[in-house]
Amino acid sequence: MPLVPAKCTNCGGDIQLDESKEKGFCLHCGSQVIVQDAIKKMQVQVEGVVQVEGIAKAEGLLKIAKDTYDDGNHEAAYDLFTKVLTLDPTNEIAQLYRGLSAGWMSTLKSPRYSESINAAKRAIESAYASKGPTDEFYAFTNLVLVENNKIINAVFSIASKHYKEFSTVEGTLSEYSEHMDGLVQNEKYLFATALNTISPEATEQYLKNLVGLLNHLYQMCVELLTSGVWKSEYSYGLMLEILGLLNMIEIPESKTEVKNAAADLVKNAVKQFNQTGITKFSVFSKTVSRDAAIDQYIQPLLQKMGLSLTVKTENDLANVLRIEQERKRSEEQRKSEEEKKRLKKIALIWFSVPIIIMILLAAPDASMDGAINYYFQVFFGGPGLIFIVPCWSI
C-alpha cells in the first residue's frame, strides 16, 4: 500500500505511514503512533492552515467590499461580498452587506428587497450563534434593522410616487399592490426574526428599533388606507396585526423612551380604528369580528401598557348609526317644513302682487271687487282659482 502523509502525535514531526496498518513509528523521535490518529492530526493542521489563510484573506477583501459599498457601487460590492462568503461562509458582516447590496439594486420591475431581508435573517442568526445575547450582538442587529428599513422605505417611497403619477395607466394599481404586499410581508418577516432574539439583555436602542419597525409598518398601513389599494378589511387587519406584534415585545418599565414610542403607536392605531365602521377584518389570514379583534389585539395591549383609551365596539357603532339615522330624519323633516313655508310665500306673492298691481292700475272710481274680477278674467280666466287655492293651502 502507498504511504500517506501523517504527523507524529508525540513530537509533531512530518512522517509517512502505511494507511493499511494499525500502528507505525516516527522516524524523528522513535515513538510508536496510531496510524489513523497521525493521519487525522495532519489533516486537521492542513485544513486549519487553509481556514486561517482563507479568513485572513476574507478580512482584507471584506474591507475592500465595504469601502465599495460605502461608495455606492452596489453591483461591484455584491460581487466582492460574494467572494468573501466563499472564503468565510459564516461571516455575518458579509452576509448582511451582500443582501443590502442586492436590496439597493432593486427596481420596480425587478425588486430584490426579499434577498436583503433573507440575508438579514441569516446574518442575525449567525451573529446570535457566535456572540449570544450580548451588547455586541444587539449593536449588530440594530445595524441590520436600520439598514434594511432604509431599503424598504426607499422602495416604498418610489412605488408610492410611481403609483400617484401613473395611477390611470392600466396595470399600475396591481403592480403597486404587489409591491406593498411584498414590503409588508418582508418587514414583518424581519421583525419576527429580530423578535426571536429578544432577551432581558436587550438594549434600549434595540427595543426602540423594534418598535420603530412596527411604526414604519403602521405608516405603510395608513398609506394603504389613503390610496385604497387594499380593501379596508385587509388594511385595518394589518393594523391589528401590528398591535398583536407589539404586544409580543416585553418592554421593561425602566425603558421609558421605548414605552412612550410604543404608547404613541397604540394611540394612533386606536384613533384610526375608531374612525372605521367596518365590523369584519382579515387578521393573520383569518376573518375576525370587530369585537373579537378588540378582545384579542387591542384590550390586552392597553392593559399591558396601562393605557385608558375608548375603543368603539360593534354596539357603539350600532348606536352611532341609530343616532345618525335619527339626525338625518330630523334634518329631512326640517327641510321639508322649510320647503313648505317657502312655497307658501311664493304662492302668496304670486297671488297678491298682481292683485295689488291691478288695483293700482284700475280707474280711481273702480271698486275693489271690480279690480279683482278683472284680474282673474284677464290673467287666469275662470280656472285660475283651481291653481291659486291649492297653492294657498300648502
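Please read all numbers here as calculations on a predicted model, not as lab measurements. (Residues numbered from 1 in each chain as written. Predicted model: local features only at pLDDT ≥ 70, side-chain atom pairs only at ≥ 80, totals over all residues. Heavy atoms only, no water.)

Enquirer: I tried to follow the side chain of Ser 101 on my own but got confused; where do I start?
Expert: Relative to the elements of secondary structure, Ser 101 occurs in helix α3 (residues 92-104). Overall, the relative accessible area of 0% leaves Ser 101 in the buried class. (Helix = DSSP H or I, 4+ residues; strand = E, 2+ residues; numbered from the N terminus. Buried < 20%, exposed > 50% of the residue type's maximum accessible area, 1.4 Å probe, protein only.)

Enquirer: Looking at this model, I keep getting lost on the environment of Leu 145. Mind explaining?
Expert: Here Leu 145 lies in helix α5 (residues 135-165). You can call Leu 145 buried: its relative accessible area is 2%. With 61 residues separating them in the primary sequence, Leu 145 and Tyr 206 have C-alpha atoms 8.9 Å apart. With near-sequence residues (within four places) excluded, Leu 145 lies in contact with Leu 190, Ala 194, Tyr 206, Asn 209, Leu 210 and Leu 213. (Contact = heavy atoms within 4.5 Å.)

Enquirer: Just checking my understanding: could you explain the nonpolar core for this structure?
Expert: The nonpolar side chains of a soluble globular protein tend to be buried, and buried together. Among the nonpolar cores identified, the biggest contains 84 residues, and Leu 214, Leu 246, Ile 249, Val 266 and Ile 298 are the most heavily contacted of them. Excluding its chain neighbours within four sequence positions, the residues that come into contact with Leu 246 are Val 211, Leu 214, Ala 262, Leu 265, Val 266 and Leu 301. Grouped together as the second largest cluster of nonpolar side chains are eight residues, Ala 6, Ile 15, Cys 26 and Ile 39 included. (Core = buried A, V, L, I, M, F, W, Y, C linked by side-chain atoms within 4.5 Å.)

Enquirer: Is there a simple way to think about helix α9 (residues 256-274) in this case?
Expert: The α-helix advances 3.6 residues per turn, and as a result positions three or four apart in sequence lie on the same side. The end-to-end C-alpha separation of α9 is 27 Å, in line with the 27 Å expected for 19 residues at 1.5 Å each. Three or more residues of α9 are buried, namely Val 258, Lys 259, Ala 262, Ala 263, Leu 265, Val 266, Ala 269, Val 270, Gln 272, Phe 273 and Asn 274. Considering only its buried residues, α9 is in contact with α7 (204-227), α8 (232-246), β5 (280-283) and α10 (290-305). (Expected span 1.5 Å × (residues − 1).)

Enquirer: Which parts of the structure should I look at to understand the packing of helix α2 (residues 74-87) against α3?
Expert: Between two packed helices, what matters for the description is the angle formed by their axes and the separation of those axes. At their nearest, the axes of α2 and α3 sit 9 Å apart, and the two run at 155 degrees to each other. Of the possible angle classes, the one that applies to α2 and α3 is roughly antiparallel. In this structure, α2 crosses over α3, and the sense of that crossing is left-handed. Residue-level contacts link His 74, Ala 77, Tyr 78, Phe 81, Thr 82, Val 84 and Leu 85 of α2 to Ala 94, Gln 95, Tyr 97, Arg 98, Ser 101, Ala 102 and Trp 104 of α3. Among the residues making up the contact of α2 with α3, the classes are represented as nine nonpolar, four polar and one charged. (Axes fitted to C-alpha atoms, helices over the stretch in contact; angles between N-to-C directions. Parallel < 35°, antiparallel > 145°, perpendicular 65-115°, else oblique. Left-handed = near helix turned anticlockwise from the far one by under 90°. Nonpolar A, V, L, I, M, F, W, Y, C, P; charged D, E, K, R; others polar.)

Geometry only, nothing functional implied.
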